[in-house]
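Okay, here's what each chain looks like letter by letter:
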Amino acid sequence: MSDTSWLRTSAVRSGTTVPPAPGLLPALVPMLREWLPRQRWFAGKGRPISGLGLVSATELLPADGRLGTPGLLHLLLDVHQDVQERMPGSGRGQPPDTYQLLLGTRALLPPALAPALVGHAVGGPLDGLTIYEALHDPRLTSLLLERLRAPGRTGHLRFGSEPDAAIPVGLAPRLSTAEQSNSSVIYGDTFILKLFRRIAPGPNPDLELSLALARAGSRRVPAPAAWFEALGLYDEPATLGVLQRFLPGSAGAWELALQAVEDGTDFSGEARALGRATAEVHLALARALPTSTLRRPQIELLAAAMAGRLDAAAAAVPALRPYRAALRTAFDDLAALGTRGTTLAAQRIHGDLHLGQALRTGPGGWVLIDFEGEPARPLPERRRPAPPVQDVAGMLRSFDYAARHHDPSAPGAPEWAKTQRAAFCAGYAEAAGTDPRDEPVAIRAFETDKAVYEVLYEARHRPAWLPIPMAAVRRLAQPPHGRTP
Ligand SMILES: Nc1ncnc2c1ncn2[C@@H]1O[C@H](COP(=O)(O)OP(=O)(O)O)[C@@H](O)[C@H]1O
Ligand SMILES: O=P(O)(O)O[C@H]1O[C@H](CO)[C@@H](O[C@H]2O[C@H](CO)[C@@H](O)[C@H](O)[C@H]2O)[C@H](O)[C@H]1O
């Protein structure tokens with residue numbers, strides 16, 4: 001029998017490593033070690049886990065040990081991994097990543113885990129309890145919604161909501177099957193709860209920006225209704241989850257674009273509308289949140305960071321190495337802008353804009369989601385004002401992805417992508433009053449930076465997709481001529 005006393009602990013300070021003493025957590029550790037890397041949202045794939053440390057454990061529903069009665073355990077867990085290049089800036093002494101886990105605990109036999117939960121066991125029995133991924137258990141995800149309906153604290157968890165959020169009782173939950181970096185539960189086609197998997201101190205921009213936009217009256221984002229965060233563990237609260245309006249029947253821009261490529265139908269009207277929507281979001285963000293001006297030192301720093309990311313990506317992905325010098329010129333040209341006295345306007349932006357982040361609620365009715373920024377970058381960096389052309393470049397890259405998805409070397413791909421890219425920029429210019437194509441140096445630098453990120457991302461997560469950003473790398477390595485796209 002294992003000791004479950006740690007289950008009653010409301011929090012353990014960060015930095016505590018799992019003691020090699022008897023107890024449920026030490027017994028759970030080998031199972032989590034094996035289970036974590038198999039999860040879609042686990043960002044540290046390919047690097048061995050060298051240690052796990054408990055940051056906090058909160059029982060949202062105590063496991064009382066009665067047969068079949070589930071308990072809900074909220075864990076924040078530090079995952080230490082052997083150092084290997086991951087993103088620039090990472091090196092020896094790299095801090096652990098903190099992950100959020102929601103675990104169901106159920107006494108077994110009889111009844112054993114319901115068939116729907118069997119494939120989601122983490123392990124056990126430990127102290128008579130089987131441990132499983134709670135998000136597959138509707139009893140537990142319903143409980144989570146109930147908790148969000150009632151603002152207040154449980155241990156180190158604080159639940160908050162918008163004053164006018166009307167969250168009905170009894171909405172049926174289902175776990176989203178979308179390929180995503182986090183985990184989402186949909187409640188009755190009315191709300192969607194995103195649970196951030198990798199946690200950092202400070203407001204998560206997905207909540208921060210969508211709340212600012214919704215409060216400013218923007219209809220280009222699903223309005224947040226409630227959220228929860230970890231308190232008292234870091235200098236600042238850490239956002240753990242956000243409940244937003246679900247857009248039933250919406251269609252993803254990525255799927256619509258792929259369909260258009262396959263059918264050979266025109267997508268430029270939608271691309272133009274998407275450009276307008278992006279510009280509207282940028283204008284609203286610039287009004288609602290702080291802006292800044294990037295001058296020579298900041299522009300040089302920006303270019304140096306891009307060059308650093310290129311070096312780190314080239315170290316990790318050999319296919320990138322022959323293009324490194326040529327790609328580098330894009331960043332040198334950006335730095336030269338600063339040297340010549342050009343300034344760049346910076347503001348809060350989406351930070352990881354691509355077709356997968358836009359949902360269409362009707363013809364031309366685009367809504368943007370997932371304002372988290374690039375998940376691999378540190379949170380303070382993701383919250384810093386940046387030139388809005390970064391988002392434009394992200395979307396331009398995405399049209400290229402859609403064009404090459406079926407066949408990376410399809411002869412029609414460059415032309416299809418070029419048409420959509422031009423339409424997107426035209427739509428953006430209509431709403432913003434400034435045309436991103438008038439900033440070719442910045443666009444090329446950001447596009448190159450994004451393509452480099454994608455090479456690393458695909459090498460890690462979807463090696464079969466690597467030829468898509470590699471085609472862009474070859475294009476971007478050519479000397480620039482004139483306006484983009
Ligand atoms: N408000 C919403 N309404 C409808 N579907 C949504 C909504 N928010 C997210 N989704 C769906 O969930 C998927 C994943 O959401 P996203 O915020 O991008 O998660 P992640 O950051 O984990 O990648 C989206 O691609 C979309 O299909
Ligand atoms: O949506 P996420 O926040 O999880 O973003 C990550 O995953 C994306 C893929 O799911 C990745 O996007 C890349 O692939 C897309 C097609 O699947 C394509 O539309 C994008 O242009 C391309 O960058 C994104 O980079 C990554 O951060």
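Quick notes on the rules
Residues numbered from 1 in each chain as written. Chains lettered and ligands numbered in written order. Predicted model: local features only at pLDDT ≥ 70, side-chain atom pairs only at ≥ 80, totals over all residues. Heavy atoms only, no water. UniProt positions renumbered as here; feature names shortened; annotations may be inferred. Near = heavy atom within 4 Å. Polar contact = N/O pair within 3.5 Å; in protein donor to acceptor, adjacent residues only side chain to side chain. Areas by Shrake-Rupley, 256 points an atom, 1.4 Å probe, with all protein chains shown as cover. Nonpolar A, V, L, I, M, F, W, Y, C, P; charged D, E, K, R; others polar. Domains from an automatic or database assignment. Salt bridge = Lys/Arg side-chain N within 4 Å of Asp/Glu carboxyl O. Helix = DSSP H or I, 4+ residues; strand = E, 2+ residues; numbered from the N terminus. Buried < 20%, exposed > 50% of the residue type's maximum accessible area, 1.4 Å probe, protein only. Axes fitted to C-alpha atoms, helices over the stretch in contact; angles between N-to-C directions. Parallel < 35°, antiparallel > 145°, perpendicular 65-115°, else oblique. Left-handed = near helix turned anticlockwise from the far one by under 90°. Contact = heavy atoms within 4.5 Å. Expected span 1.5 Å × (residues − 1). Pairing = 2+ DSSP bridges. Phe/Tyr/Trp six-rings, centres within 6.5 Å; stacked < 30°, edge-to-face > 60°. Lys NZ or Arg CZ within 6 Å of the ring centre and 35° of its normal.

As recorded by an unreviewed UniProt entry, the protein chain carries the name Maltokinase and is attributed to Actinacidiphila glaucinigra. Here the protein chain is described in UniProt, under the heading Subunit (unreviewed entry), as follows: "Monomer." The Catalytic activity (unreviewed entry) comment attached to the protein chain in UniProt states, word for word, "D-maltose + ATP = alpha-maltose 1-phosphate + ADP + H(+)".

Within the structure, ligand 1 sits among 16 residues, and Gln-180, Asn-182, Lys-194, Arg-245 and Leu-247 are positioned closest to it. Taking Gln-180, its side chain carries an N or O atom lying 2.8 Å from an oxygen atom of ligand 1. Surface burial for ligand 1 is 83%, taken as the share of its 560 Å² of free accessible area covered by protein chains. Considering only residue class, the shell around ligand 1 consists of seven nonpolar, five polar and four charged. Residue assignment places the shell around ligand 1 across two domains, with domain 2 (165-245) and domain 3 (251-476) each supplying three or more.

Attention shifts here to the pattern of salt bridges. Scanning all chains against the criterion turns up 35 salt bridges. Glu-162 is the salt-bridge partner of Arg-215, the closest N and O atoms lying 2.5 Å from each other. Of this pair, Arg-215 sits in helix H4 (residues 205-215) while Glu-162 sits in the loop between strand E7 (157-161) and strand E8 (173-175), and the two are 53 residues apart along the sequence. A relative accessible area of 55% places Arg-215 in the exposed class.

Around ligand 2 there are 15 residues in total, and Ser-181, Ser-398, Tyr-453, Glu-454 and Tyr-457 lie nearest to it. Here an oxygen atom of ligand 2 and a side-chain polar atom of Asp-370 are 3.2 Å apart. With respect to ligand 2, the side chain of Tyr-457 contributes an N or O atom lying 2.9 Å from an oxygen atom. Expressed as a share of its isolated accessible area of 540 Å², the protein-covered part of ligand 2 is 92%. Mapped onto the shell around ligand 2, the elements with two or more residues apiece are helix H10 (389-404) and helix H12 (440-461). Looking at the shell around ligand 2, its residues break down into six nonpolar, four polar and five charged.

This brings us to the packing of helix H6 (residues 268-288) against helix H11 (residues 413-432). The geometry of H6 relative to H11 is characterised by a closest axis approach of 6 Å and an angle of 40° between their N-to-C directions. In terms of axis orientation, H6 runs oblique to H11. The interaxial crossing formed by H6 with H11 has right-handed handedness. Residue-level contacts link Ser-268, Ala-271, Arg-272, Leu-274, Gly-275, Arg-276, Thr-278, Ala-279, Glu-280, His-282 and Leu-283 of H6 to Thr-419, Gln-420, Ala-423, Phe-424, Ala-426, Gly-427, Tyr-428, Glu-430, Ala-431 and Ala-432 of H11. Looking at side-chain class alone, the contact of H6 with H11 contains 10 nonpolar, seven polar and four charged residues.

Given a rise of 1.5 Å per residue, 20 residues ought to cover 28 Å, and the 28 Å separating the end C-alpha atoms of H11 matches this to within 8%. The complete set of buried residues in H11 reads Ala-413, Trp-416, Ala-417, Gln-420, Arg-421, Ala-423, Phe-424, Cys-425, Ala-426, Gly-427, Tyr-428 and Ala-429. The inward-facing, buried residues of H11 abut helix H5 (253-263), H6, H10, H12 and helix H13 (467-476). Of the residues trailing H11, Gly-433 is marked for its positive phi of about 85°.

Relative to each other, H10 and H13 sit at 120°, their axes nearing to 9 Å. By the angle class used here, H10 and H13 are oblique. Two packed elements cross with a definite hand, and for H10 against H13 that hand is right-handed. Mapping the contact onto sequence places Arg-397, Asp-400, Tyr-401 and Arg-404 in H10 and Ile-468, Pro-469, Ala-471, Ala-472 and Arg-475 in H13. Considered class by class, the residues forming the contact of H10 with H13 number five nonpolar, no polar and four charged.

Once that is clear, we can look at unusual backbone geometry. Note: most residues except glycine have negative phi, and most peptide bonds are trans. Within the chain, Asp-189 stands out as a residue other than glycine whose phi angle is a positive 60°. By the secondary structure assignment, Asp-189 is in the loop between strand E9 (183-187) and strand E10 (191-195). Positive phi, normally seen in glycine, also occurs at Asp-370, with a value near 60°. Relative to the assigned elements, Asp-370 resides in the loop between strand E18 (366-368) and helix H9 (379-382).

Okay, the pairing of strand E3 (residues 97-107) next. When you tally the buried positions in E3, you get 11 out of 11 residues, the bulk of the element. Burial of the side chains of E3 extends over both faces: Asp-97, Tyr-99, Leu-101, Leu-103, Thr-105 and Ala-107 are buried on one face and Thr-98, Gln-100, Leu-102, Gly-104 and Arg-106 on the other. One ladder, built from 10 bridges, connects strand E2 (residues 70-81) with E3; its direction is antiparallel. Opposite Leu-73, over in E3, you have Leu-103 as the bridge partner.

Another point: the packing of aromatic side chains. For the structure shown, the criterion picks out nine aromatic pairs. Ring centres of Phe-159 and Phe-228 lie 5.2 Å apart, and the angle between their planes is 10°; on these two criteria the pair is classed as stacked. Of the two residues, Phe-159 sits in strand E7 while Phe-228 sits in strand E12 (residues 224-230), which places them 69 residues apart along the sequence. Phe-228 shares its class with Phe-159; the two are buried. Each member of the aromatic cluster is reached from another via a ring pair, and the members are Trp-35, Trp-41, Phe-42 and Tyr-99. Taking the ring centre of Trp-41 as reference, the NZ or CZ of Arg-197 above it sits at 4.0 Å.

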